[in-house]
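Spelled out, the chains give:
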Amino acid sequence: MLRGGALRVTRPRLAVLAAVHAHPHADTASIFGAVRRELPVVSHQAVYDVLAALTAAGLVRRIEPAGSVARYEARVGDNHHHVVCRSCGAIADVDCAVGESPCLTASDDRGFSIDEAEVTYWGVCPECVAAADRQPYEMTGEGRA
Ligand SMILES: [Zn+2]
Ligand SMILES: [Zn+2]
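So, a few notes on the structure that sits alongside this text. Predicted model only: the values in this text are computed from it and were never measured. (Residues numbered from 1 in each chain as written. Chains lettered and ligands numbered in written order. Predicted model: local features only at pLDDT ≥ 70, side-chain atom pairs only at ≥ 80, totals over all residues. Heavy atoms only, no water.)

## Things to note about the sheet that holds strand E2 (residues 61-63)
What counts here: Paired strands, in this sense, are two strands between which DSSP finds at least two bridges. A run of DSSP states H or I qualifies as a helix once it reaches four residues; a run of E qualifies as a strand once it reaches two. Both are numbered from the N-terminal end.
Reading across the sheet, the three strands line up as E1-E3-E2 and stay open at both edges, with antiparallel pairing between neighbours. The open sheet has two free edges, formed respectively by strand E1 (26-27) and E2, since each of these has just one partner strand. Pairing between E1 and strand E3 (residues 71-73): two bridges, direction antiparallel. Residue pairing for E3: alanine 26 is matched across the bridge by tyrosine 72.

## Notes on the sheet that holds strand E4 (residues 81-85)
Here is the rule: Structural elements are reduced to axes, namely lines fitted to C-alpha atoms, with helices fitted over the stretch in contact, and the angle between N-to-C directions of any two is expressed from 0 to 180 degrees.
Overall, mixed pairing links the three strands, which are arranged E5-E4-E6 in an open sheet. Every other strand in the sheet has two partners, leaving strand E5 (91-94) and strand E6 (120-123) as the edge strands with one partner each. When strand polarity is set aside, the average angle formed by the axes of neighbouring strands in this sheet is 25°.

## Points about unusual backbone geometry
Note: most peptide bonds trans; most residues except glycine with negative phi. A cis amide bond links serine 101 to the next residue, proline 102, at an omega of -10°. The phi torsion at asparagine 79 lies on the positive side, around 55°, for a residue other than glycine. Of note, arginine 110 is a non-glycine position whose phi angle comes to about 55°, a positive value. Structurally, arginine 110 can be placed in the loop between E5 and E6.

## Some points on the coordination of the zinc ion (ligand 2)
Where we set the bar: Distances up to 2.8 Å from the metal define which N, O and S atoms are donors, and 3.2 Å serves for Na, K and Ca; water is absent from the atom set, so sites may look incomplete. Residue burial is assigned from relative accessible area. The probe radius is 1.4 Å, only protein chains are included, and a residue is buried under 20% of its type maximum, exposed over 50%, and partly exposed in between.
Distances from the zinc ion (ligand 2) to its protein donors, His25 (NE2), Glu73 (OE), His80 (NE2), His82 (NE2) and Asp93 (OD), fall within 1.8 to 2.3 Å. In primary-sequence terms, the residues that donate to the zinc ion (ligand 2) follow H-x47-E-x6-H-x1-H-x10-D. Note that histidine 25 is positioned in the loop between helix H1 (11-22) and E1 and histidine 80 in the loop between E3 and E4, a separation of 55 residues in sequence. Across the pair, histidine 80 and histidine 25 agree in class, each one buried.

This is the structure:
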């Protein structure tokens, strides 16, 4: 994959790519933790730089739902969308609704050549729905706007 992306194969790059594959939608801190278990000497900055290089090369996709830190995934190029839990922040993949970008046709393109619609579905995940059913009075306040 790295060679296909015209990147030199280095141990930090391999370790970061493996971590992103193993932990879809992980944030930088979790990826750093996973990489550190493989390569104890790697620095935070090195992981950050590798993530930027892999993202620029299109091997990794960076997403940043509102209210979340940046997250990374290795599932690229299929224009899939995300569903995010308002309560706990859990993220899951949702296949592109029509199979190609832009999935959503603009009602007025304002003269722009549009190639992508960034779709994020918001709701409550099954675990949080189940927890709310068990404890109906504790699911008020934060995150349920
Ligand atoms: Zn949830
Ligand atoms: Zn995804």
